[in-house]
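# Architecture at a glance
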Amino acid sequence: LSISSQCQPFHPHKYDRIAMVGSSYDYEFLVVGAGNGGLASAKRAASYGAKVAIVEARAFGGTGLHTGTIPKKIMAHCGFVASVVNNDAARFGIDAKMGGIDWDILKKNRNDFIKQAQETEEKEINDAGISIIN
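To keep things clear, this report deals only with the structure shown in the data block. In this text the structure is predicted, and so the values were computed from the model without any measurement.

Scoring rules and cut-offs
- Residues numbered from 1 in each chain as written.
- Predicted model: local features only at pLDDT ≥ 70, side-chain atom pairs only at ≥ 80, totals over all residues.
- Heavy atoms only, no water.
- Helix = DSSP H or I, 4+ residues; strand = E, 2+ residues; numbered from the N terminus.
- Buried < 20%, exposed > 50% of the residue type's maximum accessible area, 1.4 Å probe, protein only.
- Areas by Shrake-Rupley, 256 points an atom, 1.4 Å probe, with all protein chains shown as cover.
- Core = buried A, V, L, I, M, F, W, Y, C linked by side-chain atoms within 4.5 Å.
- Contact = heavy atoms within 4.5 Å.
- Phe/Tyr/Trp six-rings, centres within 6.5 Å; stacked < 30°, edge-to-face > 60°.
- Lys NZ or Arg CZ within 6 Å of the ring centre and 35° of its normal.
- Salt bridge = Lys/Arg side-chain N within 4 Å of Asp/Glu carboxyl O.
- Patch = residues over 30% accessible without salt bridge, like charges linked within 9 Å, V, L, I, M, F, W, Y side chains within 5 Å.
- Arc of directions from axis to C-beta.
- Axes fitted to C-alpha atoms, helices over the stretch in contact; angles between N-to-C directions.
- Left-handed = near helix turned anticlockwise from the far one by under 90°.
- Nonpolar A, V, L, I, M, F, W, Y, C, P; charged D, E, K, R; others polar.

Glancing now at the overall build of the protein. Of regular secondary structure, the protein possesses 5 helices and 3 strands. Start at the N end of the protein and walk to the C end: the helices and strands fall as α-β-α-β-α-α-α-β. The burial tally for the protein puts 21% of its 134 residues in the buried class. Surface summary for the protein: the accessible area is close to 10,100 Å², and the carbon and sulfur share equals 56%.

In this structure, Val31, Ala34, Leu39, Ala42, Ala45, Ala46, Val52, Ile54, Phe60, Ile125 and Ile130 together form the largest nonpolar core, which totals 11 residues. Taken together, the elements giving at least two residues each to this core come down to helix H2 (36–47) and strand S2 (52–55). Among the elements that take part in this core, H2 stands out by supplying 4 residues, more than any other. Other than its neighbours up to four places away in sequence, Val31 contacts Gly38, Ser41, Ala42, Ala53, Ile54 and Val55.

Here we take up the packing of aromatic side chains. The final tally for this structure, using the stated rule, is 0 aromatic pairs. Lying over the aromatic face of Tyr27, Lys51 brings its terminal NZ or CZ to 5.5 Å of the ring centre.

Taken as a whole and assessed by the stated rule, the structure comprises 5 salt bridges. Residues Glu121 and Lys43 are paired through a salt bridge, measuring 2.9 Å at the closest nitrogen-oxygen approach. Taken together, the residues span a long stretch of sequence, with Glu121 in helix H5 (residues 103–127) and Lys43 in helix H2 at a distance of 78 residues. Looking at Lys43, the relative accessible area reads 24%, which means it is partly exposed. Residue Asp112 pairs with Lys108 through a salt bridge whose shortest N-O separation is 2.5 Å. On the criterion of helical spacing, the pair formed by Asp112 and Lys108 is a turn pair, its members being 4 residues apart in helix H5. Accessibility expressed as a relative area gives 35% for Asp112, which makes it partly exposed.

Taken together, Leu30, Val32, Val55 and Ile133 make up a surface patch of nonpolar side chains, about 350 Å² in accessible area. Positionally, Val32 belongs in strand S1 (residues 29–32).

Turning next to helix H4 (residues 69–88). Of all the positions in H4, only Pro71, Cys78 and Ala82 are classed as buried. One side of H4 carries all its buried residues, which in axial view fall inside an arc of 30°. Of the residues in H4, the exposed ones pointing more than 90 degrees away from the buried face are Lys72, Lys73, Phe80 and Asn87. Against helix H3 (62–66) and H5 lie the buried residues of H4.

Direction vectors running N to C along H4 and H5 enclose 145°, while the axes themselves pass 10 Å from each other. In the packing of H4 onto H5, the handedness of the crossing is right-handed. Between H4, through Ile70, Pro71, Ile74, Met75 and Cys78, and H5, the contact on the second element is made entirely by Trp103, Leu106, Arg110, Phe113 and Ile114. Grouping the constituent residues of the contact of H4 with H5 by class yields 9 nonpolar, no polar and 1 charged.

The following block contains the structure:
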């Protein structure tokens, strides 16, 4: 393994003085980003009694909730259900055919699910006494 000469090793002791001189802290645990990991660590720290804040410029839940895993899985599940109805149901003696997918209803239900999940996270954060900085 070779390390480029432009890479500088990290020396934590170089930065100790910067953080300590004349500093005061309002929080014992600061989380940057309210994605899955940030929310989980903030809630855990608060459960241990730490004074916690989350810094988030956008909506709670991060990419996974808003544009990543969750909406994509909802859309994929819809496709799976449609495929089962149209292709597999007859093999089990079920007479079923779909006329199509109402995309407006699907998108509304997907967005409602995301909104509910976000509201649940925000309630849990508020109930835990965690501050939100945005």
